[in-house]
Amino acid sequence: MKLSELLQREPVNIPRLVRERVRKLGVEEIVRAVNKALRGLDDVVLDTLSGLMIGRPVALVGTVGLGKSTLAKVIAETLALSDPPYVMVACHSHMTAVDLTGDIDIAVALQTGLDHPLAYIPGPLVTAHGSALILDEINRLNPYAQAALLQAIQEHYVYVRGFRIRTDFALIATANPSEYEGVYELSEALADRFKFVEVKLPDREILRSVLIWKAKEYLGDLEAEIPPRLVDMLVKFTYEAERAGYPQSVRSLSYALADAVARAWSQHRSAGVRDLKLALAANLPHTSEVKNVLVNLFEKAAVSA
Ligand SMILES: Nc1ncnc2c1ncn2[C@@H]1O[C@H](COP(=O)(O)OP(=O)(O)OP(=O)(O)O)[C@@H](O)[C@H]1O
Ligand SMILES: [Mg+2]
């Protein structure tokens, strides 16, 4: 894309585009598409769509491994506002404003002119024009990068060394709760421009089916039985752990279950409580101190399940 063309870019009415897509597909179809990848998040889908339909950036907030990034991608893919359907950024604390906007290389520009493809390499805030922009883990952005984002959201323009480039996108962000390590608070001005949608653990029954579904997926062609009793224990443990202040990741739980089953299979037997206990200790990403607490919680859940 030449800089001179970018400077001429027309605005795109993104909320209208989103409404058109939702009207055409029907919300049920979008929910169905999401359910192929994630279950138990139907309300989150509706909350996200309603925000995007009125031009409000949406932040999906939740603890690790609850499907936030997947959800953002599936919604963007289903809405398919453009082809490709979205631009995704894995945000981190060393990201600069220029990483988001792109920058002009003065040396190249002087030698070859501003329209040379290497004179200006656009950043994601610019390439997402007319599309969906997914900012994964947005609260890892430092305040400087947040400022560039704020400008793009509020003015619909990105400024690159004095050049003003139009940009309109449907913004879906993901974030961990603010008590997480290594995250920044969003500036008040930026936070004021978001709708925050909480992503939670699915209900017990749905969680149960998700764990079986995902564990089967990970086990692939291994014809090993997933003992229902173990799944019950795992669900019980997950809720008890959450109540004790240790929210668990659906991803890690599913892997722990599959791991226990695969380990037992390799010894020609079906998985038992001990396999699951070992698999949980190895698959749940925690410090050894927390791990002990979790293993204790699991033992209690195993007895009472
Ligand atoms: N409700 C759910 N239904 C089905 N699968 C789920 C659900 N929640 C999580 N998963 C599984 O867990 C995996 C993790 O999802 P994802 O990476 O989207 O989570 P996340 O919330 O973005 O996690 P992180 O905070 O680690 O980035 C997915 O690949 C998916 O298979
Ligand atoms: Mg994620």
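Note that the coordinates shown come from a computational prediction; the quantities given were computed from them, not determined experimentally.

A closer look at helix α9 (residues 143–155)
The end-to-end C-alpha distance of α9 is 18 Å, a good match for the 18 Å that 13 residues give at a rise of 1.5 Å each. What α9 keeps buried is the set A145, Q146, A148, L149, L150, A152 and I153. Packed against the buried residues of α9 are α6 (97–101), α8 (124–127), β5 (131–136), β6 (157–160), β8 (169–175) and α10 (188–191). The backbone nitrogen of Y144 has a side-chain oxygen 2.9 Å away, supplied by the residue at the start of α9, namely N142. Following α9 by one or two positions, H156 adopts a phi angle in the positive range, close to 60°.

A closer look at unusual backbone geometry
Here D83 and P84 are connected by a cis peptide whose omega angle stands at 0°. Even without being a glycine, A80 presents a positive backbone phi close to 40°. Take A80: it is sitting in the loop between α5 (68–79) and β2 (86–90). On the basis of relative accessibility, which here comes to 31%, the residue A80 falls in the partly exposed class.

Considering the nonpolar core
Taken as a class, soluble globular proteins show a tendency for nonpolar side chains to be buried jointly. Ranked by internal contacts, the top residues of the largest apolar core, which has 63 residues, are L60, L79, F237, L257 and L280. Mapping this core onto the domain boundaries places at least three of its residues in each of domain 1 (3–198) and domain 2 (204–304). With residues up to four places along the chain from it excluded, the contact list for L280 reads L234, F237, L253, A256 and F298.

Thoughts on the side chain of T238
Within the secondary structure layout, T238 lies in helix α12 (residues 228–243). A relative accessible area of 0% means that T238 is categorised as buried. Other than its neighbours up to four places away in sequence, T238 contacts L201, L207, Q248 and L253.

Observations regarding the site of ligand 1
Lining the immediate environment of ligand 1, one finds 19 residues, of which R39, K68, S69, T70 and R251 sit closest. Interatomic distance of 2.9 Å between a backbone N/O atom of G67 and an oxygen atom of ligand 1. Within the contact set of ligand 1, an oxygen atom lies 2.7 Å away from a side-chain nitrogen or oxygen of K68. For ligand 1, whose free accessible area comes to 640 Å², the fraction covered by protein is 88%.

What about the packing of helix α4 (residues 42–53) against α5?
Between α4 and α5, whose axes approach to 11 Å, the crossing angle comes to 55°. What the angle tells us is that α4 and α5 run oblique. Handedness of the α4/α5 crossing: right-handed. Residues V44, V45, T48, L49 and L52 of α4 pack against L71, I75 and L79 of α5. Among the residues making up the contact of α4 with α5, the classes are represented as seven nonpolar, one polar and no charged.

Some details on the domain arrangement of the chain
Here the chain is described as being made up of domain 1 (3–198) and domain 2 (204–304). Here the C-alpha centroids of domain 1 and domain 2 sit 35 Å apart. Tallying the contact residues gives ten residues for domain 1 and ten residues for domain 2. When domain 1 packs against domain 2, close to 690 Å² is buried across both sides, 61% of that on carbon and sulfur atoms. Interface area lost by domain 1 to domain 2 is led by R39, V64 and G65, which between them contribute 60%. Between domain 1 and domain 2 we count zero salt bridges in total. Seen at the junction of domain 1 and domain 2, the total is two residue pairs in polar contact (both at pLDDT 80 or more). A class-by-class count of the residues in the side of domain 1 that touches domain 2 yields four nonpolar, four polar and two charged.

Rules behind the numbers
Residues numbered from 1 in each chain as written. Chains lettered and ligands numbered in written order. Predicted model: local features only at pLDDT ≥ 70, side-chain atom pairs only at ≥ 80, totals over all residues. Heavy atoms only, no water. Helix = DSSP H or I, 4+ residues; strand = E, 2+ residues; numbered from the N terminus. Expected span 1.5 Å × (residues − 1). Buried < 20%, exposed > 50% of the residue type's maximum accessible area, 1.4 Å probe, protein only. Contact = heavy atoms within 4.5 Å. Polar contact = N/O pair within 3.5 Å; in protein donor to acceptor, adjacent residues only side chain to side chain. Core = buried A, V, L, I, M, F, W, Y, C linked by side-chain atoms within 4.5 Å. Domains from an automatic or database assignment. Near = heavy atom within 4 Å. Areas by Shrake-Rupley, 256 points an atom, 1.4 Å probe, with all protein chains shown as cover. Axes fitted to C-alpha atoms, helices over the stretch in contact; angles between N-to-C directions. Parallel < 35°, antiparallel > 145°, perpendicular 65-115°, else oblique. Left-handed = near helix turned anticlockwise from the far one by under 90°. Nonpolar A, V, L, I, M, F, W, Y, C, P; charged D, E, K, R; others polar. Buried area = accessible area lost by both parts, 1.4 Å probe. Salt bridge = Lys/Arg side-chain N within 4 Å of Asp/Glu carboxyl O.

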